[in-house]
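# Geometric and topological summary
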Protein chains: 2
Amino acid sequence: MPKVGMEPVRRKALVDAAMRVIGDHGSLTVTMSEIAKQAGVSPALAHHYFGSKEQLLIETVRHHLQRLRDSTVTAMRAAKTPREKLSAVIHVSFHADQFAPETIAAWLAFYAEAQRSEETRRFLVIYARRLRSNLLANLKALCPREDAERIAEGAAAMIDGLYIRQSLRSAPISIEASIALTEDYINSLLAPLSGEAAVQRTDK
Amino acid sequence: MPKVGMEPVRRKALVDAAMRVIGDHGSLTVTMSEIAKQAGVSPALAHHYFGSKEQLLIETVRHHLQRLRDSTVTAMRAAKTPREKLSAVIHVSFHADQFAPETIAAWLAFYAEAQRSEETRRFLVIYARRLRSNLLANLKALCPREDAERIAEGAAAMIDGLYIRQSLRSAPISIEASIALTEDYINSLLAPLSGEAAVQRTDK
DNA sequence: TTTTATTGATTGATCAGTCAATCAAAAATA
DNA sequence: TATTTTTGATTGACTGATCAATCAATAAAA
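Residues numbered from 1 in each chain as written. Chains lettered and ligands numbered in written order. Predicted model: local features only at pLDDT ≥ 70, side-chain atom pairs only at ≥ 80, totals over all residues. Heavy atoms only, no water.

### Section: the interface of chain A and chain B
As a reminder, the rule being used: The criterion used for residue contact is that any of the two residues' heavy atoms lie within 4.5 Å. Two parts placed together each lose some accessible area under a 1.4 Å probe, and adding up what both lose gives the buried area. Salt bridge criterion: a side-chain nitrogen from Lys or Arg within 4 Å of a carboxyl oxygen from Asp or Glu. In the analysis that follows, any N or O atom pair within 3.5 Å is treated as a polar contact, provided that within protein one partner can donate a hydrogen and the other can accept it, and provided that, for residues neighboring in sequence, both atoms belong to side chains. Each helix is a run of H or I in the DSSP string that is no shorter than four residues. Each strand is a run of E no shorter than two, and both are numbered from the N terminus. In this classification, Asp, Glu, Lys and Arg are treated as charged, Ala, Val, Leu, Ile, Met, Phe, Trp, Tyr, Cys and Pro as nonpolar, and every other residue, Gly included, as polar.
Contacts between chain A and chain B engage 45 residues on the former and 45 residues on the latter. The junction of chain A with chain B conceals about 4,200 Å² of combined surface from both sides, 62% of it contributed by carbon and sulfur atoms. For chain A, the biggest contributors to the area lost against chain B are A:Gln115, A:Arg165 and A:Leu168; these three give 19% of the whole. For the pair chain A and chain B, the interface holds four salt bridges. Residues A:Asp160 and B:Arg165 are paired through a salt bridge, measuring 2.9 Å at the closest nitrogen-oxygen approach. Linking chain A with chain B are 12 residue pairs in polar contact (both at pLDDT 80 or more). Of all the secondary structure elements, the ones that give two or more residues to the side of chain A that touches chain B are helix 7 (101-113), helix 8 (118-139), helix 9 (145-167) and helix 10 (175-190) of chain A. With 12 residues, the single largest contributor to the side of chain A that touches chain B is helix 9 of chain A. Split into classes, the residues belonging to the side of chain A that touches chain B amount to 22 nonpolar, 10 polar and 13 charged.

Okay, here's the thing in structure tokens:
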């Protein structure tokens, strides 16, 4: 059945298969055979296109991080005010796909891998910076730079922390609750800073 | 030089060696040989005492989690007020030992492992619950239960998130900054709740 | 015919786990 | 006290399984 132009199709299939297998397995100690099988090709073909297991793994991270980035860009573009853009970033982070147990398990595995693979680490650093920077840019429109930096750091940490806690699957927090917790954090830290010193809250 | 009563000595040496090797390596794909070498014994002896690699890994998690628990109990006992106890919990979480890159790398590896090993997962769940519960107990003395639950959840997530972000070692956050961020979160969410609805803040 | 896609079979390396043998301390016995 | 027996500690050498990676061969397009 060999037809020309299969390369991009196979690459994508393999990269998706890798994510799925890693997510199910909850670890990077998956075999090329498993990945290839999931993608419906032979292990040899996976090697043919990616050269090595490590390279396939790296491409897998890259591909899925790119996807996340695209979602974020789209969501931010749809939002108008800085405050709405902030919410958009948060929403994308907790979007159903991202927050599925298998996806979280896969990301966790990649974080662990980043301790050893310089290239994997690089991609995850880019993600971490991007998250922080997306938050920061919009926060700066709402409060002084120094405060914005603090809050961005804290919000990014909270998002990542909600992920890792989710990975344990004990007392799982719903998507809505996760979003609420993060929004609440931003609101609470922003409240005393908005406008002048006056505190405008709606106490019952 | 075989002397009687070596068992507990060897077990501890192996469990410590495992933590160190895993931390350096940044992954659980370390060999029994490496661990045994680090502990100064033969691989066969490690098997003799632990039966399997998996069991050694599980004991390693247990042992180090127990250590963390002891630190927390001691620190909380030394603190007097609920608010001070909260700070104590936070401080222990970011204590130098815990926050060292190798330690963080090791914990990350165990979180990944927890996706596959039910027993490892159980221990980490216990840790997660304990952290949340230590926070919650003291928060309940400072605000209504519902709010306390929210804040405990958020603070626990922030602590774990600061860990995972630290693992990437890009733009590392200092111990002090991590503590400040977490304290700041608690203060900010507590502020509008303390006492009656009146907002008592010290705006410049 | 040349190029691209694809695989089955094979290799070489790595490791967890096993086992029989050794060595020295402790306990029992003479 | 001197001698023998038992037991715990320890290892080197080995095995079996697993897996990434290679390669030569095949089959279908171009």
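### Some remarks on the environment of A:His47
All names here are of chain A. Note the following rule: Exposure categories follow from relative accessible area, calculated using a 1.4 Å probe and restricted to protein chains: below 20% of the type maximum is buried, above 50% is exposed, and the middle band is partly exposed.
Structurally, the position occupied by His-47 is in helix 3 (residues 43-50). Residue class for His-47 comes out partly exposed when judged on its relative accessible area of 37%. Separated by 82 residues in sequence, His-47 and Arg-129 place their C-alpha atoms 32 Å apart. Setting aside chain neighbours within four positions, we find His-47 in contact with Met-32, Ser-52 and Lys-53.

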